[in-house]
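One letter stands for each residue in the lines below.
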Amino acid sequence: MIWRHKHGQFDLATRALIMGVLNVTTDSFYDGGKFAAHDAAIAHALEMLDEGADLIDIGGESTRPGAGPVDEREELRRVLPVITALAEKNPRCIISIDTSKAAVARAAIERGAAIVNDITGLRGDPAMAQVVRDAGAGVVIMHMQGTPRTMQQHPRYENVVREVADFFRQSFTRAVSCGIHPMNIAFDPGIGFGKTVAHNLLLLKSIESLRAGDRPLVVGVSRKSFIGKIIGSESPDDRFWPTVALTSLAREKGANIFRVHDVRPNAQALRMTEAILLQPAQKEVA
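Within each chain, residues carry numbers counting from 1 in the order of the written sequence. Note on the predicted model: pLDDT of at least 70 is required for a residue's local features to be given, and 80 or more for side-chain atom pairs to be given and counted; whole-chain, interface and lining totals, by contrast, use all residues. Here the side-chain values reflect all heavy atoms present in the structure, with hydrogen atoms and water set aside.

Caption draft 1: Main features of the packing of helix α2 (residues 72-89) against helix α3 (residues 102-111). Running from amino to carboxyl end, α2 crosses α3 at an angle of 15°, the nearest separation of the two axes being 9 Å. Taken together, the axes of α2 and α3 are roughly parallel relative to one another. As for the relative orientation of α2 and α3, their crossing is right-handed in sense. Between α2 and α3, the contacting residues are Glu72, Glu75, Leu76, Val79, Leu80, Ile83, Thr84 and Ala87 on the first element and Ala103, Val104, Ala107, Ala108 and Arg111 on the second. The convention used is that axes are lines fitted to C-alpha atoms, helices contributing only their stretch in contact, and that angles between N-to-C directions extend from 0 to 180 degrees. Secondary structure is summarised from DSSP: a helix means a run of H or I of at least four residues, a strand means a run of E of at least two, and numbering begins at the N terminus for each. Should an angle fall under 35 degrees it is taken as roughly parallel, and over 145 as roughly antiparallel, whereas 65 to 115 is taken as roughly perpendicular and any remaining angle as oblique. Put simply, a crossing is left-handed when the front helix is turned counterclockwise from the back one by less than a right angle, and right-handed when it is turned clockwise. We call two residues in contact when some of their heavy atoms are within 4.5 Å.

Rendered as structure tokens:
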């Protein structure tokens, strides 16, 4: 399985990817404010690369439940200097821009980003598909019910797995019809984005059935609140090891790309899981 982006491609046939989260925001649910300062953001990105991240996902607008929008100018002010500096310090780094604004995506690509991670699944800004197409960028199309401000206000589905899978199939057809190359597309079920705990668990249990067009599947569960509800803790710090466990489980179930805050332990979990999955079956000896 190949996932193409503006600067090349990833071969996902036997090796899943780690997408390191870099929030240059003040209000993200876990690390809001930690890396808002320019130097801290660059240092953390380089650290994640050293720990095994395959790409860095940079976002300037919080998408936590209840978060309000950030205007375009402010989002650009937050992300562009970081993208520029990171591209200069490590030209081989693959950068993803986490945005739903076409103008931000375009400017980020011009500064060195190779992938657009759009939580609205190309539905939020009518110009986004054209930006992705014209740049030859990779794109992550995510499923979300509602908006970050409203998504956790009583999310409802008749069949969450079927509805997310249908959304992916429809989005794949729509993206290709807009001129985006099929191999540039990946899909994210949007764990925690307009879903209850039960919805999240059903999606994680059924990852492979969500696949559309044989495209990669992205999973982002890192330290999310649904984990805390299951383990009985409101502290994001207590969600560290459950996140690592879910990374291993989701890899076994077919996920290909993992968006995480804690790179090294999740990368180690992936490599250990893959060592088992790729082990050839031993023939029975009479």
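Moving on, there is more to tell.
Caption draft 2: Molecular detail of unusual backbone geometry. At Leu122, a residue that is not glycine, the phi angle is positive and equals roughly 70°. Its location among the elements puts Leu122 in the loop between β6 (115-118) and α4 (128-135). Working definition: with a 1.4 Å probe on protein chains only, accessible area under 20% of the residue-type maximum means buried, over 50% means exposed, and in between means partly exposed. The exposure class of Leu122 is buried, given its relative accessible area of 14%. At Asp214, a residue that is not glycine, the phi angle is positive and equals roughly 55°. Take Asp214: it is sitting in the loop between α6 (197-205) and β9 (218-219).

Caption draft 3: Examining the sheet that holds strand β4 (residues 55-59) more closely. Note on pairing: DSSP must find at least two bridges between two strands before they are called paired. The strand order across the open sheet formed by 8 strands is β8-β7-β6-β5-β4-β3-β10-β9, and the pairing between neighbours is parallel. If you trace the sheet from one side to the other, it starts and ends with β8 (185-188) and β9, each paired once. Direction of pairing for β9 relative to strand β10 (residues 257-260): parallel, over a ladder of 2 bridges. Of the residues in β10, the one forming a bridge with Val218 is Ile257. Contacting β3 (17-23) and β10, helix α9 (residues 263-277) crosses the sheet at an angle of about 165° to β3.

Caption draft 4: Expanded view of the environment of Ile185. When you line up the elements, Ile185 lands in strand β8. Sequence separation between Ile185 and Ile207 is 22 residues, and the spatial gap between their C-alpha atoms is 17 Å. When near neighbours in sequence (up to four residues on either side) are disregarded, Ile185 contacts Trp3, Val139, Ile141, Phe172, Ala175, Val176, Ile180, Arg215 and Pro216.

Caption draft 5: Just the pairing of β4, in detail. Most of β4 sits inside the fold, with 5 of its 5 residues counted as buried. Alternating positions in β4 separate into two faces, Leu55, Asp57 and Gly59 on one and Ile56 and Ile58 on the other, with burial throughout. Pairing of β3 with β4 involves 5 bridges; the strand directions are parallel. Pairing of Val21 across the sheet is with Asp57, part of β4. Here β4 runs beside strand β5 (residues 94-98); their pairing, made up of 5 bridges, is parallel.

Caption draft 6: Broad picture of the nonpolar core. Only buried residues count toward a nonpolar core. Its members are Ala, Val, Leu, Ile, Met, Phe, Trp, Tyr and Cys residues joined through side-chain atoms within 4.5 Å. Among the nonpolar cores identified, the biggest contains 69 residues, and Leu22, Ile56, Ile58 and Phe258 are the most heavily contacted of them. The element contributing the most residues to this core is helix α5 (residues 160-177), with 8 residues. Beyond its immediate stretch of four places on either side in the chain, Ile58 contacts Leu22, Val24, Val79, Val82, Ile83, Leu86, Ile95, Ser96, Ile97 and Asp98. Ranked by size, the runner-up nonpolar core spans 13 residues in total, among them Leu17, Met19, Val140 and Val218.

Caption draft 7: Fine view of the packing of aromatic side chains. Note on ring pairs: Phe, Tyr and Trp rings are taken, using the six-membered ring of Trp, and paired if centres are within 6.5 Å. Classes follow the plane angle, with under 30 degrees stacked, over 60 edge-to-face and the rest tilted. Using the criterion set out here, one finds 5 aromatic pairs in the structure. Among the aromatic residues, ring-to-ring pairing joins Phe167, Phe168, Phe172 and Phe187 into one connected group.

Caption draft 8: Summary view of the packing of helix α1 (residues 38-50) against α2. Viewed as axis vectors pointing N to C, α1 and α2 meet at an angle of 45°, and their least axial separation amounts to 10 Å. Between α1 and α2, the interaxial angle falls into the category oblique. The interaxial crossing formed by α1 with α2 has right-handed handedness. For the pair formed by α1 and α2, the contact residues are His38, Ala41, Ile42, Ala45 and Leu46 on the first element and Pro81, Val82, Ala85, Leu86 and Lys89 on the second. Side-chain classes follow a simple rule in which Ala, Val, Leu, Ile, Met, Phe, Trp, Tyr, Cys and Pro form the nonpolar group, Asp, Glu, Lys and Arg form the charged group, and the remainder, Gly included, forms the polar group. Split into classes, the residues belonging to the contact of α1 with α2 amount to 8 nonpolar, 1 polar and 1 charged.

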